[in-house]
Protein chains: 2
Amino acid sequence: MPSLSDLGQLPKRLVLGRPVRSDKAGESLLPKRLALPIFASDPLSSVAYATQEILIVLTLAGTAFLFLAPWLAVAVVLLLVVVVLSYRQVVHAYPSGGGDYEVAAKNHGRFASLVVASALLTDYVMTVAVSVASGTDNIISAFPQLAEHRVLIAVGLVAFLAGANLRGLRESGKGFAVPTYLFVAGILVMVVTGFVRYFFTDASLVAESAGYSITPEPEYGDLAGVALLFFVLRAFASGCTALTGVEAIANGVPAFRPPKSKNAATTLALMGGIAAAMFAGVTALALFANVKYAEFPCDLEGFADCETQPQRTVIAQVASAVFGGDSSVGFFYIQATTALVLILAANTAFNGFPLLGSVLAQDRYMPKQLHTRGDKLVYSNGILLLAGFAVVMIVAFEADSTRLIQLYIVGVFTSFTIGQWGMVRHWNREMKLVEGAERARMRRSQVINALGGSITTIVLVIIVLTKFTRGAWIVLVAMPFIYLLMRQINRHYTHVADQLVPSGDSRTLPAKVHAVVLVNKVHKPTLRALAFARATRPDQLTALTVNVDEADTRALQADWERYDIPVALTVLESPYREITRPVVDFVKDIRRDSPRELVVVFVPQYVVGHWWENVLHNQSALRLRTRLQFQPGVMITTVPWQLEGSRDREEVLLRQPEGPAPGDLRRGFAEDPGER
Amino acid sequence: MPSLSDLGQLPKRLVLGRPVRSDKAGESLLPKRLALPIFASDPLSSVAYATQEILIVLTLAGTAFLFLAPWLAVAVVLLLVVVVLSYRQVVHAYPSGGGDYEVAAKNHGRFASLVVASALLTDYVMTVAVSVASGTDNIISAFPQLAEHRVLIAVGLVAFLAGANLRGLRESGKGFAVPTYLFVAGILVMVVTGFVRYFFTDASLVAESAGYSITPEPEYGDLAGVALLFFVLRAFASGCTALTGVEAIANGVPAFRPPKSKNAATTLALMGGIAAAMFAGVTALALFANVKYAEFPCDLEGFADCETQPQRTVIAQVASAVFGGDSSVGFFYIQATTALVLILAANTAFNGFPLLGSVLAQDRYMPKQLHTRGDKLVYSNGILLLAGFAVVMIVAFEADSTRLIQLYIVGVFTSFTIGQWGMVRHWNREMKLVEGAERARMRRSQVINALGGSITTIVLVIIVLTKFTRGAWIVLVAMPFIYLLMRQINRHYTHVADQLVPSGDSRTLPAKVHAVVLVNKVHKPTLRALAFARATRPDQLTALTVNVDEADTRALQADWERYDIPVALTVLESPYREITRPVVDFVKDIRRDSPRELVVVFVPQYVVGHWWENVLHNQSALRLRTRLQFQPGVMITTVPWQLEGSRDREEVLLRQPEGPAPGDLRRGFAEDPGER
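Residues numbered from 1 in each chain as written. Chains lettered and ligands numbered in written order. Predicted model: local features only at pLDDT ≥ 70, side-chain atom pairs only at ≥ 80, totals over all residues.

**Observations concerning the overall build of chain A**
Then, in step 1: Of regular secondary structure, chain A possesses 23 helices and seven strands.
Then, in step 2: Across chain A, the fraction of contacts at a sequence separation of at least 24, relative to all contacts at a separation of at least 6, is 83%. (Helix = DSSP H or I, 4+ residues; strand = E, 2+ residues; numbered from the N terminus. Contact = placed C-beta atoms within 7 Å.)

**Comments concerning the environment of Thr 201 of chain A**
Residue and element names in this part refer to chain A.
Then, in step 1: Its location among the elements puts Thr 201 in the loop between α8 (174-200) and β1 (213-214).
Then, in step 2: Residue classification places Thr 201 among the exposed positions, given that 9 C-beta atoms sit within 10 Å.
Then, in step 3: Sequence-wise, Thr 201 and His 514 are 313 residues apart; in three dimensions their C-alpha atoms are separated by 96 Å. (Buried ≥ 20, exposed ≤ 12 C-beta atoms within 10 Å, placed from the backbone.)

**Brief notes about the sheet that holds strand β3 (residues 512-518) of chain A**
Sheet strands line up and pair through hydrogen bonds in the backbone, either parallel or antiparallel.
Then, in step 1: Judged by pairing direction, the sheet is mixed, and its ten strands sit side by side in the order β5(A)-β4(A)-β3(A)-β6(A)-β7(A)-β7(B)-β6(B)-β3(B)-β4(B)-β5(B) without closing on themselves. If you trace the sheet from one side to the other, it starts and ends with β5 (569-573) of chain A together with β5 (569-573) of chain B, each paired once. The mean inter-strand angle of the sheet, taken between neighbouring strand axes irrespective of direction, is 30 degrees.
Then, in step 2: Here strand β3 (residues 512-518) of chain B runs beside strand β6 (residues 597-607) of chain B; their pairing, made up of six bridges, is parallel. In the strand pairing of β6 of chain B, Val 516 of chain B is matched with Val 601 of chain B.
Then, in step 3: Strand contacts of helix α21 (residues 580-593) of chain A: β3, β4 (540-547), β5, β6 (597-607) and β7 (634-642) of chain A, with the helix running at about 155 degrees to β6 of chain A, the strand carrying the most contacts.
Then, in step 4: Packing against the sheet, helix α21 (residues 580-593) of chain B makes contact with β3, β4 (540-547), β5, β6 and β7 (634-642) of chain B, and its axis sits at approximately 155 degrees to β6 of chain B. (Pairing = 2+ DSSP bridges. Axes fitted to C-alpha atoms, helices over the stretch in contact; angles between N-to-C directions.)

**Things to note about the nonpolar core**
Across soluble globular proteins, you tend to see nonpolar side chains buried next to one another.
Then, in step 1: Membership of the largest hydrophobic core comes to 164 residues, with the highest contact counts inside it found for Ala 129, Val 158, Val 318 and Ile 394 of chain B.
Then, in step 2: Discounting chain neighbours no more than four positions away, the residues touching Ala 129 of chain B are Ala 390, Met 393, Ile 394 and Leu 404 of chain B.
Then, in step 3: Residues Val 57, Tyr 212, Val 291 and Ile 405 of chain A belong to the second largest nonpolar core, which totals 163 residues. (Core = buried A, V, L, I, M, F, W, Y, C linked by C-beta atoms within 7 Å.)

**Quick word on the domain arrangement of chain A**
Then, in step 1: Per the domain assignment, the segments of chain A are domain 1 (31-491) and domain 2 (509-644).
Then, in step 2: Centre-to-centre separation of domain 1 of chain A and domain 2 of chain A, based on C-alpha positions: 60 Å. (Domains from an automatic or database assignment.)

**Looking at the pairing of β7 of chain B**
Walk down a regular strand and you will see the side chains alternate between the two sheet faces.
Then, in step 1: Burial within β7 of chain B is extensive, with eight of its nine residues counted as buried.
Then, in step 2: One ladder, built from three bridges, connects β7 of chain A with β7 of chain B; its direction is antiparallel. The residue of β7 of chain B that forms the bridge with Ile 636 of chain A is Thr 638 of chain B.
Then, in step 3: Where β6 of chain B and β7 of chain B come together, nine bridges link them in parallel fashion. Considered in β7 of chain B, the bridge of Val 599 of chain B is made with Val 634 of chain B.

**Overview of helix α19 (residues 524-535) of chain A**
All names here are of chain A.
Then, in step 1: Compared with the 16 Å implied by 1.5 Å per residue over twelve residues, the 16 Å span of α19 between its first and last C-alpha is a close match.
Then, in step 2: Within the sequence span of α19, burial applies to Pro 525, Thr 526, Leu 527, Arg 528, Ala 529, Leu 530, Phe 532, Ala 533 and Ala 535.
Then, in step 3: Immediately downstream of α19, the backbone of Arg 537 shows phi near 50 degrees, a positive value. (Expected span 1.5 Å × (residues − 1).)

**Quick notes on unusual backbone geometry**
Then, in step 1: Here the bond from Pro 258 of chain A into Pro 259 of chain A is cis, since omega is -5 degrees, no more than 30 degrees from zero.
Then, in step 2: Along the polypeptide, Pro 259 of chain A turns up in the loop between α10 (248-251) and α11 (260-288).
Then, in step 3: Non-glycine residue Glu 398 of chain B carries a positive phi angle of around 50 degrees.
Then, in step 4: Owing to 12 C-beta atoms within 10 Å, Glu 398 of chain B belongs among the exposed residues under this scheme.

**Structural notes on the packing of α8 of chain A against α11 of chain A**
Residues and elements named next belong to chain A.
Then, in step 1: Between α8 and α11, whose axes approach to 10 Å, the crossing angle comes to 40 degrees. Here α11 runs oblique to α8, going by the angle between their axes. Considering the relative orientation of α8 and α11, their crossing is left-handed. Within the contact between the two elements, α8 uses Val 184, Ile 187, Leu 188, Val 191, Gly 194 and Tyr 198 and α11 uses Ile 274, Met 278, Gly 281, Val 282, Leu 285 and Phe 288.
Then, in step 2: Residues belonging to the contact of α8 with α11 are distributed by class as follows: ten nonpolar, two polar and no charged. (Parallel < 35°, antiparallel > 145°, perpendicular 65-115°, else oblique. Left-handed = near helix turned anticlockwise from the far one by under 90°. Nonpolar A, V, L, I, M, F, W, Y, C, P; charged D, E, K, R; others polar.)

**Quick word on the packing of helix α3 (residues 47-58) of chain B against helix α16 (residues 401-431) of chain B**
All names here are of chain B.
Then, in step 1: At a closest axis distance of 11 Å, the pairing of α3 and α16 adopts a crossing angle of 100 degrees. Here α3 lies roughly perpendicular to α16, going by the angle between them. In this structure, α3 contributes Tyr 49, Glu 53 and Ile 56 to the contact, and α16 contributes Ser 401, Thr 402 and Ile 405.

**Quick word on the confidence of the model for chain A**
All names here are of chain A.
Then, in step 1: Chain-level pLDDT for chain A is 84 on average; 88% of the residues reach the 70-or-more range.
Then, in step 2: Between the elements of chain A, mean pLDDT differs from a low of 35, seen in helix α1 (residues 4-16), to a high of 94, seen in helix α12 (residues 314-323).
Then, in step 3: As a predicted assembly, this complex carries a pTM of 0.70 together with an ipTM value of 0.71. (pLDDT = per-residue confidence, 0-100.)

**A few points about the environment of Leu 60 of chain A**
Residue and element names in this part refer to chain A.
Then, in step 1: Within the secondary structure, Leu 60 is located in the loop between α3 (47-58) and α4 (69-93).
Then, in step 2: For Leu 60, a count of 19 C-beta atoms within 10 Å translates into the label partly exposed.
Then, in step 3: For the pair Leu 60 and Thr 215, spaced 155 residues apart in sequence, the C-alpha to C-alpha distance is 8.2 Å.
Then, in step 4: Setting aside residues no more than four positions away along its own chain, Leu 60 makes contact with Glu 217, Tyr 220 and Glu 295.

Right, here's the structure in full:
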């Protein structure tokens, strides 16, 4: 009969596939047609909320300023073009996937690179929170009766993603590519259909909220001068959410097929073009169809059920208007693919985080296991931390995507800005080394990056100014915390490394070896431990027991004689019925009497067939080992005794592949998705 | 500057006191004046709900059958007397504190003793749930505005108790004795005052619910014949909650000062007398004052705010009537001491559980650490399990003490019944050995136990019949589960013990020793591991590294030559970038080539200054050790390297006394409470 663990193994194997040899990694890289949907689900999905965020701000002042929407959309598209052009330079100059962090580290130094890292870490949390919240909005737009379960749905989705990634979900499969294409195709069909209907047919394009009117909030009544400028900038800053996720491709260069940089740059351009077209198209349709969207539903005059009904998302209202109502196939198609692509976008954070963690670990700012992949535990903790913080944000902001977005773009634009200015420095340095055409080409690149840097700097200032009180302060508080944590980790590693530099005395051999075998009963594990200890031919050998229970100790002594064991048994008294302390004291005494003697403590240990059986064994051995390791000149030798059933458990453990880990794809370690 | 752990240490030390040497245990035993309040808080606190439970059942049929209440109270008191007399026999015959479990094991055998154990384990959960729920009721009776937070308060109290016991709360102090005396004194003063007012003054004794009337539930309209009998028996069964906790003293005999049994028996009699007086007195006052108490408040006609206001507990209503209203000092005194003694009663379960666990562990029905006290982890898990199940019950039954009580007394009376019949057998056996006066005395004891056994059997049948559908079935389902779990644990230990009986081959010495030192970098821990490994003079010595990162491996090889290390370095390739598997395979190959060779794997390990620093180190060593221990003929030797700061941590750990543990007092291990 297969054990429970065997059965648990099956689905994992199905999901994980086989681990990949690094010398075969070349075969398993991504063609552009797969890299685009996998890395671009995050930036493309921004289309689902960017238009809406612009409208929300503009409608604070009633409908008077809605005429600004197209101009703001154009500004956002131009910004997108500049940022994409800038990142194409990054992709060529830093093909290792370090992204803005690497650019900052190589061109600005440690402070800037850690600021970028802190920004990106908060960014991953917000990517999960915002994408899932927006995905939930779009699910609710299709099924409004779910509105009251908003937070529950969002938290459930995060839990699902965390669970899938803990189990080893790979993002290289076609399963991740298809939804993005379906989404892009759906939006483009919707845009074309909408334009045709609007310009070439008599059928009107009317959103369900077209008839609502909005009274301006008192403080936005008659905006003018600086207040108006601030208002417009705030709307623009909201629209900048369309740019979130653009850096993903720059971080994923190692996963591309050669020529890696060229393919990544092409994919980046493609992504930029598609995102711009979708964003512009959706914004135009929203304006054609007269979509109204307010921060609070009851600000919409004419929305009768505003207390109980949710507002549908802008994309849902557009889809409904274009495809003929909220029960049309087209409407459900758009809602389903939008929700799906948003969930995929959230999933990219679960892959981006370990990638960044690996780079940070190499520089000793994060636990080193993130780099060596020595243990999945750290990855798992990373996934749980990411999911945990995302859930906290979702619950704190009641899964309200608009409120969450205020926190999102600070990190994104911090990273953009530092990265672009780093590139300007990069070209300065590089240009000194070359002449002629090459130099001119670099100068062009530098101009692009300087333009990108200038614009993103301005946008960052706008964002901080307009969003600070609306939640951005939380990110601006969190970032220094993360920064300090990374500094502390680095300081720890450096401090440890300093302690460990070899010196003369570290090679002195101990004069004598004193073996101490811990004995509890006369049974096979004890006899094996004694035999093994004798095999190491120590200078002195002590069999040691602690008298916790008089009757047990007497029985042990009787057995000891009966089996005629050729080692004297030393009995330690334990007036407080402890086991650990008498043994530690005994060992300390040996070391005190002869400090050059090496003490080897042999601890027999059961290896059980099921992990839960450890509850029934081995607890005091564990405690003893913990205490003994504080003594210099003491080694602790575990003598395992394999109980029946342990061989089955070993096989189960061996069948678990150690790789892959989340983020492997982006590091260029991946299976060939074509093989799946 | 004291570290965080140091500061954490301080309150623990204050609570824990100093550990106690078992050879000084005699000094730290309890005089009767402390044993009574500590062990009897559970049975005495039953007074807080027993009267109420009788009234709830009787008022189902309106007020017609309230005249039965005094007779039922008399029956309960008689039952209490019989049970106390029976337990006095147990205390003398089995002074080791094993209680009904030991009686059943020695006189009936394994099945009966495990049934008792299962009953007692469910009983501990219900003691916590019922006592805390009733305590909450009495807090709410004083502050009705807290009614809506009932479940939260109850869960909070359980969490508080669990936390205090996890931190090592001792129950031997005067702090535990005083509230019980205050409670007893308060109730007795209330009874005397009430009687004086009722019989000797003109002042009337009128409960706030005296004026309410109750229409019988349809099915209780005109009870007669069997239905009436069943109804009366059900009310009687409800009153039997007054007996819960009586067995506590029988389980606590080892904690008494000598002559232990005599003192315990005296304390038991005292407890019985006080409990009977309090129960009878409160019941009489409730009837004098015309207290009405219904299962659902709105069944009380005249209770205007029944939808929003809670019913006050019977004891609260009596206190209010006797002491002049619900803002009198007397009222608050009674409520405060009642709530406090109920919380202490819940706490006794946290001490009783490890005691039973220790006895069960000795017989191999529970993890053996519960007996040897090798590790507090198991105790902690026990506390968490107990608290967890209690919280589940509280939440499932919305902290409704009446509904919870239905589940309570099944376990109690199962244990009573089996224990008493076991005593009958015990005397049969003992009587064969003696003659004359001694024999006659034993016969008297046997008659008492037979009477106790008969009556508790009848009561158990009544309880099961009348309470089965009201929740008792849950206990009757849980008990077989616990029974089977204990059987499985026992089977596991027996099976392991069978495997471990020494045989000829277990003493064969390995032919050769092959030491393998794992190397990552050339630093002090590595050099120490190499030096120690060389000190053990193995037949063969291999320094082993895994090539996970080409650059790192080349750097290691360069250092290896630079430091001129006199051992060859073997580099294992790791195409999948794993560390564990190549090492395990290497070791397996050695064993395959020469099966009589002993392989000793030396793993350098950092000992960090703070537990959280382990996140930054040692993870792959841990994983490797786990895998290697499945290989027979392999020992894993940890070579600790003490980082700076580890000495401070050792001191912190050493300052933590290993004892005491919950339940120690009842096992006769205790400080002298007089010293505190």
